[in-house]
Amino acid sequence: MCVLALLLWAARPAVAQDGDESSAAPEIDWSAASEEAADLLSRYIRVNTTNPPGREIVAARFLRDQLISEGIEFLLIDQGEGAGGGKAALVGRIRAGREPREGAIVLLSHMDVVAASPEFWSVDPLAGEIRDGYIWGRGALDMKGTAIAQLMALKLLARHGPPLSRDIILLATSDEEIVGGIDAGDFLQDHADLIKGAEFVINEGGTIRVDANDDVLYYGVGVTEKSPFWQSVTARGPSGHGSQPIAASALNRLVEGLERLRSWDTPIQLTPPVAEFFRRLALVAPPAEAELYADIEGSLADPEKRALILRDRYHNAILRNTISITALEGSPRTNVIPPMASAELDVRLLPGADPDSFLAELRERAGADGETLTIEPLGQNWPATASPSDSELFRAIESLAEEFDPGATVLPYVLAGFTDSHYFREMGIEAYGLGLFKLPVSESERVHGVDERLSLQNLGFGTQFLYELLVRVGT
Ligand SMILES: [Zn+2]
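Now for a description of the structure that goes with this document. Within every chain, residues take consecutive numbers counted from 1 along the sequence as written. Where totals are concerned, whole chains, interfaces and linings use all residues; where local detail is concerned, this predicted model gives features only for residues with pLDDT of at least 70, and gives and counts side-chain atom pairs only at 80 or more. Hydrogens and waters are ignored; side-chain quantities use all the structure's heavy atoms.

### What about the overall build of the chain?
Turning to step 1, where the next piece is worked out: Each helix and strand in the chain was counted, giving 15 helices and 21 strands.
Turning to step 2, where the next piece is worked out: Atoms considered for the radius of gyration are the C-alpha atoms alone. The globule rule reads 2.2 Å times the number of residues to the power 0.38. Compactness check: the chain gives a C-alpha radius of gyration of 24 Å against a globular reference of 23 Å for 475 residues, within 12% of the reference.
Turning to step 3, where the next piece is worked out: Dimensions of the chain, computed from the C-alpha atoms along their principal axes, are close to 90 × 55 × 45 Å.
Turning to step 4, where the next piece is worked out: Burial here depends on accessible area, computed with a 1.4 Å probe over protein chains only, as a share of the maximum for the residue type. Under 20% is buried, over 50% is exposed, and the range in between is partly exposed. Residues classed as buried in the chain amount to 52% of the 475 residues present.
Turning to step 5, where the next piece is worked out: For this analysis, residues touch if any pair of their heavy atoms sits within 4.5 Å. The long-range fraction of contacts in the chain, counting pairs at least 24 apart against all pairs at least 6 apart in sequence, stands at 78%.
Turning to step 6, where the next piece is worked out: Residue burial considers only the protein chains on display, and all accessible areas are found by Shrake-Rupley using a 1.4 Å probe. When the accessible area of the chain is evaluated, it comes to approximately 20,800 Å², of which 51% is carbon and sulfur surface.
Turning to step 7, where the next piece is worked out: The charge count includes Lys and Arg as positive and Asp and Glu as negative, but it does not include His or the ends of the chains. Charge placement uses NZ in Lys and CZ in Arg. For Asp and Glu, CG and CD serve respectively. When the 41 positive and 71 negative side-chain charges of the chain are each reduced to one mean point, those points stand 2 Å apart. By the criteria applied, helices consist of DSSP H or I runs no shorter than four residues and strands consist of E runs no shorter than two, each listed in order from the N terminus.

Structure below.
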């Protein structure tokens, strides 16, 4: 159950317009803004939102206090004890001050983080330590760093911003990191009216990739995500003693069925966003790879080239529906032939895939007869949807990237995993995964891992990039 905890209509003075719109925006001291953001991130990391239980309401209050100090209108929604405690959503809003009004821009973040194992870290993961030019701690990248860049951009808009033609909405939600909690989807179910008319969502799910010399390779902007379609596989058969093998045992049936799925070469499908991804990747890839990507359709038709392309796990994942065999369970002892054995399949479907027909084919290929071998869906599935790579927001990202990093390519990115963006795409809102930080692979790999950190420089850059993007699209 949701309780509206507090509503503040801040007496924010209307921004003076007086036909003065053409004058340059006031100078922002970006190094001061960067320092302020670093202090905020350090403190935000110290708000422990390890999920479970999350207790995101404490983080929501932290963000709320920041909005109050800026006189920004907000709504804190207490979503109750939910999946173990303290679920909440926070909505902050700067209203458009000029006509004609356009659809709002939502800056989305999740407040929860995954657990950290301090024994493996070189710092306390919840201390928000600032050292060697980095802010260290769980969530620095996923995604408290982004949330602080969003908050900071909002603060700067409130202080210095030009009159807006779009409302800018800060939305922080719970339970992104666990399945089945009270998440952005639940928020939308009860409070979709709070973002009614929104045109764009800016969320996690993108990256600015740099090489080992910190040169920008590309801005990857998430435009779509594969959709999970997880399955449970169960085999049954006669049980007995391991000394006398049983050909039709549950484990043998399971292994045979799984082997058929393992060796299934699911068809390659070049969806439009993936074709665009390779076309643009060809512009920045090393020559040998660029040749493969430039004519991706031709390369995929050539067995040798195709094998080269699919060798990259990510490329393989965005070109087909995939199946990973996981959660294998069977006999607990060497000499026990069990009556039942099971596995799970992490199936991920491409945009446009039909779950029902995929499941039918999966069962047929595995030889699932519904008795000795069954395959049943686990939990939820949703149709994968995509946002266009020629919208006003996407184009603004392109032009801004060109200004910050001349020659940088902006790639429409297809996530092999998923974020909360799909909830918004399902409502017809264009949602983009926008990475605000320039990261080599070695830094991105710290997400959910050990010694997660964000450089002060990146936080400053991300704040400025986002602020200028909002000014470009929102005024
Ligand atoms: Zn995340």
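### Regarding the side chain of Asp167
Turning to step 1, where the next piece is worked out: Within the fold, Asp167 resides in strand 7 (residues 166–173).
Turning to step 2, where the next piece is worked out: By relative accessible area, Asp167 is classed as buried at 13%.
Turning to step 3, where the next piece is worked out: Pairs of N or O atoms are called polar contacts if they sit within 3.5 Å, as long as, within protein, a hydrogen donor faces a hydrogen acceptor (for residues adjacent in sequence, only side-chain-to-side-chain pairs). Separated by 2.6 Å, the side chains of Asp167 and Arg93 make a polar contact.
Turning to step 4, where the next piece is worked out: A distance of 2.7 Å separates a polar side-chain atom of Asp167 from the backbone nitrogen of Ala96.
Turning to step 5, where the next piece is worked out: Ignoring anything within four residues of it in the chain, the contact list for Asp167 reads Arg93, Ile94, Arg95, Ala96, Ala104 and Ile105.

### Structural notes on the packing of aromatic side chains
Turning to step 1, where the next piece is worked out: Here the aromatic set is Phe, Tyr and Trp, taking the six-membered ring for Trp, and pairing holds for ring centres within 6.5 Å; pairs whose planes are under 30 degrees apart are stacked, those over 60 apart are edge-to-face, and all others are tilted. Taken as a whole and judged by the stated rule, the model has 17 aromatic pairs.
Turning to step 2, where the next piece is worked out: An angle of 15° between the planes, with centres 5.2 Å apart, marks the rings of Tyr44 and Phe62 as stacked. Residue Tyr44 is located in helix 1 (residues 30–46), and its partner Phe62 is located in helix 2 (residues 56–70); the two are separated by 18 residues in the primary sequence. The pair formed by Tyr44 and Phe62 is uniform in burial state, with each residue classed as buried.
Turning to step 3, where the next piece is worked out: When the centroid spacing of 6.1 Å and the interplanar angle of 65° are considered together, the rings of Tyr134 and Trp136 count as edge-to-face.
Turning to step 4, where the next piece is worked out: For Trp136, a relative accessible area of 5% gives the class buried.
Turning to step 5, where the next piece is worked out: To sit over a ring, a charge needs its Lys NZ or Arg CZ within 6 Å of the ring centre and within 35 degrees of the ring normal. It is Lys144 that lies over the ring of Tyr44; its NZ or CZ is 5.1 Å from the centre.
Turning to step 6, where the next piece is worked out: When the ring centre of Phe461 is taken as reference, the NZ or CZ atom of Lys438 above it lies at 4.2 Å.

### Some details on the pattern of salt bridges
Turning to step 1, where the next piece is worked out: Here, a salt bridge means any side-chain nitrogen of Lys or Arg that lies within 4 Å of a carboxyl oxygen of Asp or Glu. The full count for this structure, using the stated rule, is 32 salt bridges.
Turning to step 2, where the next piece is worked out: A salt bridge links Glu73 to Arg95, with the shortest nitrogen-to-oxygen separation between them at 2.7 Å. With Glu73 in strand 2 (residues 73–78) and Arg95 in the loop between strand 3 (88–94) and strand 4 (102–110), this pair connects stretches of sequence that are 22 residues apart.
Turning to step 3, where the next piece is worked out: Note on Glu73: relative accessible area 15%, which makes it buried.
Turning to step 4, where the next piece is worked out: For Arg95, a relative accessible area of 43% puts it in the partly exposed group.
Turning to step 5, where the next piece is worked out: In this structure, a network of salt bridges that share partners links the residues Glu36, Glu70, Lys155 and Arg159.

### Structural notes on unusual backbone geometry
Turning to step 1, where the next piece is worked out: Going from Pro52 to Pro53, the amide bond is cis rather than trans, its omega being 0°.
Turning to step 2, where the next piece is worked out: Mapped onto the secondary structure, Pro53 falls in the loop between helix 1 and helix 2.
Turning to step 3, where the next piece is worked out: Asp142 connects to Met143 through a cis peptide bond whose omega is -20°.
Turning to step 4, where the next piece is worked out: Position of Met143 relative to the elements: it lies in the loop between strand 6 (134–136) and helix 3 (144–160).
Turning to step 5, where the next piece is worked out: Here Arg55, not a glycine, exhibits a phi torsion of approximately 45°, which is positive.

### Structural notes on the environment of Leu261
Turning to step 1, where the next piece is worked out: You can see Leu261 is positioned in helix 5 (residues 250–262).
Turning to step 2, where the next piece is worked out: Expressed as a C-alpha distance, the spacing of Leu261 and Arg363, which sit 102 residues apart in the sequence, is 9.3 Å.
Turning to step 3, where the next piece is worked out: If we ignore the near neighbours within four places in the chain, the residues touching Leu261 are Leu345, Leu362, Arg365, Ala366 and Ile375.

### Describing the pairing of strand 4
On a regular strand, each side chain points to the face opposite its neighbour's, so the side chains alternate between the two faces of the sheet.
Turning to step 1, where the next piece is worked out: In terms of burial, strand 4 is a largely internal element, eight of the nine residues being buried.
Turning to step 2, where the next piece is worked out: Where strand 4 meets strand 7, seven bridges bridge the pair, whose relative direction is parallel. Each bridged residue has a counterpart across the sheet, and for Ser109 the counterpart in strand 7 is Ala172.
Turning to step 3, where the next piece is worked out: DSSP-based pairing: two strands are paired if at least 2 bridges between them are found. Bridging between strand 4 and strand 8 (residues 200–203) involves three bridges; their strand directions are parallel. The residue bridging Ile105 from the neighbouring strand is Phe200, located in strand 8.

### Here's the deal with the nonpolar core
Turning to step 1, where the next piece is worked out: Here, nonpolar core means buried Ala, Val, Leu, Ile, Met, Phe, Trp, Tyr and Cys residues that are tied together by side-chain atoms lying within 4.5 Å of each other. Grouped together as the largest cluster of nonpolar side chains are 70 residues, with contacts concentrated most on Ile202, Leu459, Leu469 and Leu470.
Turning to step 2, where the next piece is worked out: The element best represented in this core is helix 3, accounting for 10 residues.
Turning to step 3, where the next piece is worked out: If we ignore the near neighbours within four places in the chain, the residues touching Leu469 are Ile202, Leu393, Ala396, Ile397, Leu400, Leu434 and Gly474.

### With respect to the environment of Pro332
Turning to step 1, where the next piece is worked out: With respect to the element layout, Pro332 can be found in the loop between strand 14 (322–329) and strand 15 (336–337).
Turning to step 2, where the next piece is worked out: The class of Pro332 is exposed, set by a relative accessible area of 74%.
Turning to step 3, where the next piece is worked out: Between the alpha carbons of Pro332 and Gly181 there is a distance of 32 Å; along the sequence they are 151 residues apart.

### Notes on the coordination of the zinc ion
Turning to step 1, where the next piece is worked out: Coordination sphere of the zinc ion, protein contribution only: His110 (NE2), Asp142 (OD), Glu204 (OE) and Glu204 (OE), at 1.9 to 2.7 Å.
Turning to step 2, where the next piece is worked out: Coordination at the zinc ion is irregular, judged from the four donor atoms that bind it and the angles of 52 to 149° they form at the metal. Donor atoms: N, O and S within 2.8 Å of the metal, or within 3.2 Å for Na, K and Ca. Because water is excluded, sites can look incomplete. Each label reflects the angles at the metal, where four donors whose angles all fall between 85 and 135 degrees are tetrahedral, four or six donors whose opposite pairs open beyond 155 degrees and whose other angles stay between 65 and 115 are square planar or octahedral respectively, and the rest are irregular.

### Topic: the packing of helix 5 against helix 11 (residues 355–366)
Turning to step 1, where the next piece is worked out: For the pair helix 5 and helix 11, interaxial distance at closest approach is 8 Å and the crossing angle is 125°. Taken together, helix 5 and helix 11 sit at an angle that is classed as oblique. Between helix 5 and helix 11, the residues in contact are Gly257, Arg260 and Leu261 and Leu362, Arg365 and Ala366, respectively.
Turning to step 2, where the next piece is worked out: Here the contact of helix 5 with helix 11 is built from residues that sort into three nonpolar, one polar and two charged. Angles run from 0 to 180 degrees between N-to-C directions of axes, and those axes are lines fitted to C-alpha atoms, restricted for helices to the stretch in contact. Oblique is the label for any angle not covered by the other classes, which are roughly parallel (under 35 degrees), roughly antiparallel (over 145) and roughly perpendicular (65 to 115). Three classes are used, and their members are as follows: Ala, Val, Leu, Ile, Met, Phe, Trp, Tyr, Cys and Pro are nonpolar, Asp, Glu, Lys and Arg are charged, and the others, Gly among them, are polar.

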